[in-house]
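The chain contents come next:
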Amino acid sequence: MNYDEFEAKFVKENFKLKIALAVSLIVFSVGTASILLEKRYYLYKGGALFEERPLAEEVCRQSFNTLAEGNPNPNVVSSGIIELAKKEAFNLSIEKIYQVKSLEVGACKIILKSDGKLMAFKVTLDGSNTNPFYYKLSQIDEIPATKEDL
């Protein structure tokens, strides 16, 4: 094998390596670009999760229960309501809570059965980052309950 043949083989092999390097760089670049520019779409069949605010509803339920029991939890009930509950007791025997539904931002509706009567309450929540669970019960209004609410 002489030098000219060795140089020709070396150049051919070097050219193959350059092509392999170019192909791998192109594939890597396309892969990286597709990852960075990717738009993710999720199909979720239970849309209520996105329409309702589960944390607000749970704070509604917990705060109303603790207030009705006569032992308001300061983590979910505002201090003003606790002071009012000490002055005037909010006695309500809850037989069954049928529904806790988010109405709008910072408000929910609780439908329950108490002493054989169907009752509904609008609970207003105060949202703040200083609250342990972001929301605290700040107001309760009794609203008319209908059978359609169930």
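Reading guide: rules and limits
- Residues numbered from 1 in each chain as written.
- Predicted model: local features only at pLDDT ≥ 70, side-chain atom pairs only at ≥ 80, totals over all residues.
- Heavy atoms only, no water.
- Helix = DSSP H or I, 4+ residues; strand = E, 2+ residues; numbered from the N terminus.
- Buried < 20%, exposed > 50% of the residue type's maximum accessible area, 1.4 Å probe, protein only.
- Contact = heavy atoms within 4.5 Å.
- Areas by Shrake-Rupley, 256 points an atom, 1.4 Å probe, with all protein chains shown as cover.
- Disulfide = S-S within 2.5 Å.

**Examining the overall build of the protein chain**
Then, in step 1: In terms of regular secondary structure, the protein chain is built from 4 helices and 4 strands.
Then, in step 2: Along the protein chain, helices (α) and strands (β) appear in the sequence α-α-α-α-β-β-β-β when read from the amino end.
Then, in step 3: Every one of the 150 residues in the protein chain was classed for burial, and the buried ones make up 25%.
Then, in step 4: For the protein chain, the proportion of contacts with a sequence separation of at least 24, taken over those separated by at least 6, is 44%.
Then, in step 5: As displayed, the protein chain offers around 11100 Å² of accessible surface, 57% of which is attributable to carbon and sulfur atoms.

**Quick notes on the state of the cysteines**
Then, in step 1: The full count for this structure, using the stated rule, is 1 disulfide.
Then, in step 2: Shown here is the disulfide that connects C60 with C108, its sulfur atoms set 1.5 Å apart. Between C60 and C108 the disulfide shows an S-S torsion of about -90°. By sign, it is left-handed. Here C60, found in helix 3 (residues 54-69), pairs with C108, found in strand 2 (residues 107-114); they are 48 residues apart in sequence, far enough to count as distant.

These figures capture arrangement, not role.
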